[in-house]
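# A closer look at the structure
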Amino acid sequence: MSFKTIMHNGGCHCGSVRWQVEAPSSVIAWKCNCSDCSMRGNTHFIVPSTKFNLVGDSKQFLTTYTFGTHTAKHTFCKVCGITSFYMPRSNPDGVAVTVNCVDTGTLTHVEIKHFDGRNWENSYDQSSIASQSKLES
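This text gives an overview of the structure that appears in the document. Computed from a prediction, not measured in an experiment: that's the story for all the values here. (Residues numbered from 1 in each chain as written. Predicted model: local features only at pLDDT ≥ 70, side-chain atom pairs only at ≥ 80, totals over all residues. Heavy atoms only, no water.)

### A closer look at the overall build of the chain
Looking only at helices and strands, the chain has two helices and ten strands in total. Seen in sequence order, the chain has helices and strands lined up from the N terminus as β-β-β-α-β-β-β-β-β-β-β-α. In terms of overall dimensions, the chain is globule-like: its C-alpha atoms have a radius of gyration of 14 Å, near the 14 Å expected for 137 residues. Going through the 137 residues of the chain one by one, you find that 41% of them count as buried. Restricting to contacts in the chain with at least 6 residues of sequence separation, those with at least 24 account for 60%. As displayed, the chain has an accessible area near 7,400 Å², and 51% of this comes from carbon and sulfur atoms. Looking at charge distribution, the chain has the averaged site of its 12 positive side-chain charges lying 4 Å from that of its 10 negative ones. (Helix = DSSP H or I, 4+ residues; strand = E, 2+ residues; numbered from the N terminus. Rg over C-alpha atoms; globule rule 2.2 N^0.38 Å. Buried < 20%, exposed > 50% of the residue type's maximum accessible area, 1.4 Å probe, protein only. Contact = heavy atoms within 4.5 Å. Areas by Shrake-Rupley, 256 points an atom, 1.4 Å probe, with all protein chains shown as cover. Lys, Arg positive; Asp, Glu negative; His and termini not counted. Charge placed at Lys NZ, Arg CZ, Asp CG, Glu CD.)

### Notes on the nonpolar core
Judged by nonpolar contacts, the single largest core of 18 residues is most densely connected at Trp-19, Phe-45, Val-47, Phe-52 and Val-97. Looking at this core, the elements that each hand over two or more residues are β2 (18-24), β3 (26-32), β4 (43-48) and β9 (94-98). Residues in contact with Phe-45, not counting those within four places in the same chain, are Val-21, Ala-23, Val-27, Ile-28, Ala-29, Val-95, Ala-96, Val-97, Val-99, Val-102 and Leu-107. (Core = buried A, V, L, I, M, F, W, Y, C linked by side-chain atoms within 4.5 Å.)

### Digging into the pairing of strand β1 (residues 5-11)
The pairing of β1 with β2 spans seven bridges and is classified as antiparallel. When the bridges of β2 are listed, Thr-5 appears paired with Pro-24. The hairpin formed by β1 and β2 contains six residues between the paired strands, and Gly-15 there has a positive phi angle of roughly 90 degrees. (Pairing = 2+ DSSP bridges.)

### What about the state of the cysteines?
In total, this model carries zero disulfides according to the counting rule given. Cys-12 takes part in no disulfide bond, and the closest cysteine sulfur, belonging to Cys-14, lies 3.8 Å away. Under the relative-accessibility criterion, Cys-12 is labelled buried at 9%. Of all cysteine sulfurs in the structure, the one in Cys-14 sits closest to Cys-77, which takes part in no disulfide; the separation is 3.8 Å. (Disulfide = S-S within 2.5 Å.)

### What to know about the sheet that holds β1
Read from one edge of the open sheet, three strands run β1-β2-β5, paired in antiparallel fashion. Each of the sheet's edge strands pairs with one partner strand only, and the pair in question is β1 and β5 (52-54). Strand-to-strand twist in this sheet, taken as the mean axis angle between neighbours without regard to direction, amounts to 20 degrees. Where β2 and β5 come together, three bridges link them in antiparallel fashion. Directly across from Gln-20, in β5, lies its bridge partner Asn-53. (Axes fitted to C-alpha atoms, helices over the stretch in contact; angles between N-to-C directions.)

### Let's talk about the side chain of Ser-84
Examined against the element boundaries, Ser-84 turns out to sit in the loop between β7 (74-77) and β8 (85-86). We classify Ser-84 as buried; its relative accessible area is 2%. Leaving out residues up to four positions away in the same chain, Ser-84 has contacts with Gly-11, Cys-12, Val-17, Trp-19, Ala-96, Val-97, Thr-98 and Cys-101.

Printed below as a string of structure tokens:
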């Protein structure tokens, strides 16, 4: 997998929320089966929060939902309801970017790994998900 990063653009369905994220063109994405991700069909890749930027006045269109431990901050557009990114419990120093919300043309490969969110602690301990938000040295 290439670690050279490029700028990806993306956002919600209605366009009220727009962002840029610096990440490789080939990413590891996580398909989670927790109650929230499985209902939304969410598959996401994780980047350090310093590599993610909201564009324009996007912040005014965001609202947040939490549940369980209230560590994950599930952000979504107040207008169209799409969660194009959120702050994951697994990576409080990162941002989880919804693969299908990245504008077409910059992601060349997506390797999907499964995260057992229904058995969160065991899956967290056995996966490499925590490393996904660490800056490359």
